[in-house]
Amino acid sequence: ESGHAHKNFDNQMAGAAFEKLQEYYNKLQAFYEVHQQAYKDFEMDLRQQVMFVRLPDIDQDINDLKGLKKIAQRISVAAGIHS
């Protein structure tokens, strides 16, 4: 019977971990939904006055002129300005 109690305890622990993970996921989802809506609102409000482009996350630090040029290229491609 102690083996059954141990397995039951493990299942409860796994269930509690899953609930915590689900709670964390729900918080992140709500966070990103709010930010996505804010982005859309901002873009719509300023579309006529400002060129607005969304860049993907920068996957590296900018340490020199070469890195800065790479970011400028990403911006121009995202904005449809190919130079």
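Above: the structure in question.
Right, let's walk through the structure included here. (Residues numbered from 1 in each chain as written. Predicted model: local features only at pLDDT ≥ 70, side-chain atom pairs only at ≥ 80, totals over all residues. Heavy atoms only, no water.)

## With respect to the overall build of the protein
Thought 1: Helices and strands together make up the secondary structure of the protein, namely two helices and zero strands.
Thought 2: Sorting the 83 residues of the protein into buried and exposed places 6% on the buried side.
Thought 3: Of the roughly 7,700 Å² of accessible surface on the protein, 57% is carried by carbon and sulfur atoms. (Helix = DSSP H or I, 4+ residues; strand = E, 2+ residues; numbered from the N terminus. Buried < 20%, exposed > 50% of the residue type's maximum accessible area, 1.4 Å probe, protein only. Areas by Shrake-Rupley, 256 points an atom, 1.4 Å probe, with all protein chains shown as cover.)

## Some details on helix α2 (residues 65-79)
Thought 1: Here α2 contains 15 residues, and its C-alpha end-to-end distance of 21 Å stays within 8% of the 21 Å for a straight helix at 1.5 Å per residue.
Thought 2: For α2, every residue scored as buried is listed here: G67, I71 and S76.
Thought 3: Two to three positions downstream of the cap, the backbone nitrogen of K66 sits 3.3 Å from a side-chain oxygen, assigning the N-cap of α2 to D64.
Thought 4: Where α2 terminates, the next one or two residues include G80, which has phi positive at roughly 80 degrees. (Expected span 1.5 Å × (residues − 1). Polar contact = N/O pair within 3.5 Å; in protein donor to acceptor, adjacent residues only side chain to side chain.)

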